[in-house]
Amino acid sequence: GAGVSQSPRYKVAKRGQDVALRCDPISGHVSLFWYQQALGQGPEFLTYFQNEAQLDKSGLPSDRFFAERPEGSVSTLKIQRTQQEDSAVYLCASSLRSPSSSGGSEQYFGPGTRLTVT
Amino acid sequence: AQKVTQAQTEISVVEKEDVTLDCVYETRDTTYYLFWYKQPPSGELVFLIRRNSFDEQNEISGRYSWNFQKSTSSFNFTITASQVVDSAVYFCALSEAAIYNQGGKLIFGQGTELSVKP
C-alpha cells in the first residue's frame, strides 16, 4: 500500500516568502505528526493532529508556523515570512491509532521536504 | 526531563563485523516506549522496532538484535555480520505515556551514522 507522501520534496524560498508544505498520510491513519530535522540532528517535534483536531502544537518555534488538517486526512504546514533558520527537512509521520488507545504506536514517516531559505 | 542520548556520532566498520549502537534515555514516567529508526541516504525514516517499558525481553530479528536494560536506562541495537546496505543514520527515540504526552510524540537522539565498508 502507499506510504506517507510529502510535496514538494525540495523547496527554495527567499527570505520573507511564505511556503506551504503538504503531507498525505497513510489512508485511515488517525494521528499525524510534523517534525523538523536540522542538518546532522535528530527530528524535533512540531505539532500533532488526531483526525482534524490539533491537540499539541507545543513544538512550533514561532507564530510564523501554522499547521492544519481540515478533513482529518491531508495536512499542510505553512511557514510565513521565512527566515534562514527555518532551513531544514520537514518530516511528516502518521500513525494508525491515537496514543490514548494504544500507547506509543509506531509512526510511519514520509520522505520529507527539504526547505532552503536564501 | 525526557531525553535520548546517542553518544556515538559516527561508527565505521568493515563488512561482516558486528556493531552495537548505544542509546541511553531519561524519562519521568514508568510507562514509556522506545523505538529505533533507520534513515538511509534517501532520507526516509524507516521503523525498525518498538518496545514498551514493561517488556525487557531482548529481541532478535534476523541480523538485528536489541538489548533493553531498565536498570541502566539503555536500549542498545546490535547488527551482526554487517553489510554495506546497513550504512545509514540510526535514531533511537522515546515516547512517554499519554498522560504526559498526549500525542505520543517521539523524542529522538541525535543519531549515529554507521558506515559499513566492503
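Predicted model only: the values in this text are computed from it and were never measured.

### Considerations on the interface of chain B and chain A
Every contact between the two is made by 21 residues of chain B and, on the other side, 26 residues of chain A. Buried surface at the junction of chain B and chain A, summed over both partners, amounts to about 1,800 Å²; 54% is from carbon and sulfur atoms. Linking chain B with chain A are zero salt bridges, by the criterion used here. At the boundary of chain B and chain A, one finds five residue pairs in polar contact (both at pLDDT 80 or more). Elements that contribute at least two residues to the side of chain B that touches chain A include exactly β5 (32-39), β6 (46-52) and β10 (88-96) of chain B. In terms of residues, the side of chain B that touches chain A owes the most to one element, β5(B), which gives four residues.

### Overview of the sheet that holds strand β1 (residues 5-7) of chain A
All names here are of chain A. Strand order in the open sheet formed by four strands is β1-β3-β8-β7, and the pairing between neighbours is antiparallel. Looking at the sheet topology across the chains shown, the edges are occupied by β1 and β7 (65-68). On average, each strand axis in the sheet is inclined to that of its neighbour by 15°, with strand direction left out of account.

### Quick look at the state of the cysteines
Counted by the stated rule, this structure contains two disulfides over all chains. In this model, C23(A) is linked to C92(A) through a disulfide, with the two sulfur atoms separated by 1.8 Å. A torsion of -65° about the S-S bond marks the disulfide between C23(A) and C92(A) as left-handed. With a gap of 69 residues between them, C23(A) in strand β3 (residues 19-24) and C92(A) in strand β9 (residues 88-95) connect regions that are remote in the sequence. Taking relative accessible area as the criterion, C23(A) reaches 0% and is therefore assigned buried. Taking the relative accessible area as the measure of exposure, C92(A) reaches 0% and is therefore buried. Residue C23(B) pairs covalently with C92(B) via a disulfide, S to S 2.0 Å. Every disulfide takes its handedness from the sign of the S-S torsion; for C23(B) and C92(B) that torsion is -65°, giving left-handed.

### Considerations on the pairing of β9(A)
All names here are of chain A. Counting buried positions along β9 gives eight out of eight residues, so the element sits mostly inside the fold. Two strands pair when backbone bridges link them, and strand β4 (residues 31-37) and β9 are joined in this way by seven bridges, in the antiparallel orientation. Paired with Y35 across the bridge in β9 is L91. Of the pairings in the sheet, the one linking β9 to strand β11 (residues 113-117) comprises three bridges and is antiparallel in character. Within β11, the position partnered with Y90 by the bridge is T113. Two strands pair when backbone bridges link them, and β9 and strand β10 (residues 108-109) are joined in this way by two bridges, in the antiparallel orientation. Bridging from a neighbouring strand, S94 pairs with Y108 of β10.

Cut-off values and rules
- Residues numbered from 1 in each chain as written.
- Chains lettered and ligands numbered in written order.
- Predicted model: local features only at pLDDT ≥ 70, side-chain atom pairs only at ≥ 80, totals over all residues.
- Heavy atoms only, no water.
- Contact = heavy atoms within 4.5 Å.
- Buried area = accessible area lost by both parts, 1.4 Å probe.
- Salt bridge = Lys/Arg side-chain N within 4 Å of Asp/Glu carboxyl O.
- Polar contact = N/O pair within 3.5 Å; in protein donor to acceptor, adjacent residues only side chain to side chain.
- Helix = DSSP H or I, 4+ residues; strand = E, 2+ residues; numbered from the N terminus.
- Pairing = 2+ DSSP bridges.
- Axes fitted to C-alpha atoms, helices over the stretch in contact; angles between N-to-C directions.
- Disulfide = S-S within 2.5 Å.
- Buried < 20%, exposed > 50% of the residue type's maximum accessible area, 1.4 Å probe, protein only.

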